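For reference, the chains in residue letters:
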Amino acid sequence: MLFSGLFVPVAKIPLSLRWARYLCPLKYAINLLTIVEFQYVKKTWDDCEEHPPEASSCVAEYPGDFLRLQLVKTQSVYWDEWLKYLLALLGLFALFRIIATILLWRKGKYVF
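Predicted model, so just to flag it, every value in this text is computed and none were measured.

Focus on the overall build of the protein chain
Thought 1: For the protein chain, the count of helices and strands is 5 helices and 0 strands.
Thought 2: Going from the N terminus to the C terminus, the protein chain shows its helices and strands as α-α-α-α-α.
Thought 3: Computed over its C-alpha atoms, the radius of gyration of the protein chain comes to 19 Å, more than 25% above the 13 Å expected for a compact globule of 112 residues.
Thought 4: Seen through its C-alpha atoms, the protein chain measures out along the principal axes to roughly 75 × 25 × 15 Å.
Thought 5: Expressed as a percentage of its 112 residues, the buried residues of the protein chain come to 25%.
Thought 6: Sequence separation of 24 or more characterises 61% of the internal contacts of the protein chain that already satisfy a separation of 6 or more.
Thought 7: Computing the positive centroid from 13 side-chain charges and the negative centroid from 10, the protein chain places the two 24 Å apart.

Pasting the structure below:
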């Protein structure tokens, strides 16, 4: 849970340990849930960015959405990569199941 970015922001994880977050299925699940949960923020902000003179008023009009958008950017969640997150989540699930099956099979050979 430490490497998923849930309790500690990704920027605060030491560089020598940041690679471990890519092996954490919770990271991809949180990214997918963030995309689903804050989809309305993206739509609101995209509407504001289409009209540049009104963009500054959007920050004043939707301060909570602006802060949510900054949170999503801070956690390095990218809206268009939801398929990559889903495939990584499913791939890690399958990989860890295969590794566990092989290890249990090898362990079982010595018991029986």
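What about the pattern of salt bridges?
Pairing between side chains becomes possible if they bear opposite charge and their charged atoms approach one another.
Thought 1: Across all of its chains, the model carries 1 salt bridge by this definition.
Thought 2: Note that K84 and E81 form a salt bridge whose closest N and O atoms lie 3.4 Å from each other.

Observations concerning the layout of surface pockets
Thought 1: Volume-wise, the largest pocket comes out at about 220 Å³.
Thought 2: In terms of lining residues, the largest pocket is bounded by 17 residues, among which G5, I30, T34, Q75 and V77 are the most central.
Thought 3: Those elements giving two or more residues to the lining of the largest pocket turn out to be α1 (25-37) and α4 (63-74).
Thought 4: Ranked by residue count, the leading element in the lining of the largest pocket is α1, at 5 residues.
Thought 5: For the lining of the largest pocket, the class distribution of residues is 8 nonpolar, 6 polar and 3 charged.

Structural notes on the nonpolar core
Thought 1: With 14 residues, the main nonpolar core has I35, F38, L69, V72, W79 and Y85 as its most contacted residues.
Thought 2: Put simply, the parts of the chain that give this core at least two residues each are α1, α2 (39-50), α4 and α5 (82-111).
Thought 3: Setting aside residues up to four positions removed in sequence, Y85 forms contacts with Y28, N31, L32, I35, S76, V77 and Y78.

Points about the packing of α1 against α5
Thought 1: At a minimum axis distance of 9 Å, the contact between α1 and α5 shows a crossing angle of 150°. Here α5 runs roughly antiparallel to α1, going by the angle between their axes. The hand of the α1/α5 crossing is left-handed. When α1 is examined against α5, the residues P25, Y28, A29, N31, L32 and I35 are found in contact with a partner set consisting of W82, Y85, L86, A88, L89, L92 and F96.

Observations concerning the environment of L87
Thought 1: In this fold, L87 is placed in helix α5.
Thought 2: Note: C-alpha distance between L87 and Y28 (59 residues apart in sequence) is 9.1 Å.

Here is what the cut-offs are and how they apply
- Residues numbered from 1 in each chain as written.
- Predicted model: local features only at pLDDT ≥ 70, side-chain atom pairs only at ≥ 80, totals over all residues.
- Heavy atoms only, no water.
- Helix = DSSP H or I, 4+ residues; strand = E, 2+ residues; numbered from the N terminus.
- Rg over C-alpha atoms; globule rule 2.2 N^0.38 Å.
- Buried < 20%, exposed > 50% of the residue type's maximum accessible area, 1.4 Å probe, protein only.
- Contact = heavy atoms within 4.5 Å.
- Lys, Arg positive; Asp, Glu negative; His and termini not counted.
- Charge placed at Lys NZ, Arg CZ, Asp CG, Glu CD.
- Salt bridge = Lys/Arg side-chain N within 4 Å of Asp/Glu carboxyl O.
- 1 Å grid on protein atoms, 1.4 Å probe; cavity = no way out; pocket = protein on both sides within 12 Å on 5 of 7 lines; lining within 4 Å.
- Points joined across faces, edges and corners; volume = space filled by probe spheres on them.
- Nonpolar A, V, L, I, M, F, W, Y, C, P; charged D, E, K, R; others polar.
- Core = buried A, V, L, I, M, F, W, Y, C linked by side-chain atoms within 4.5 Å.
- Axes fitted to C-alpha atoms, helices over the stretch in contact; angles between N-to-C directions.
- Parallel < 35°, antiparallel > 145°, perpendicular 65-115°, else oblique.
- Left-handed = near helix turned anticlockwise from the far one by under 90°.

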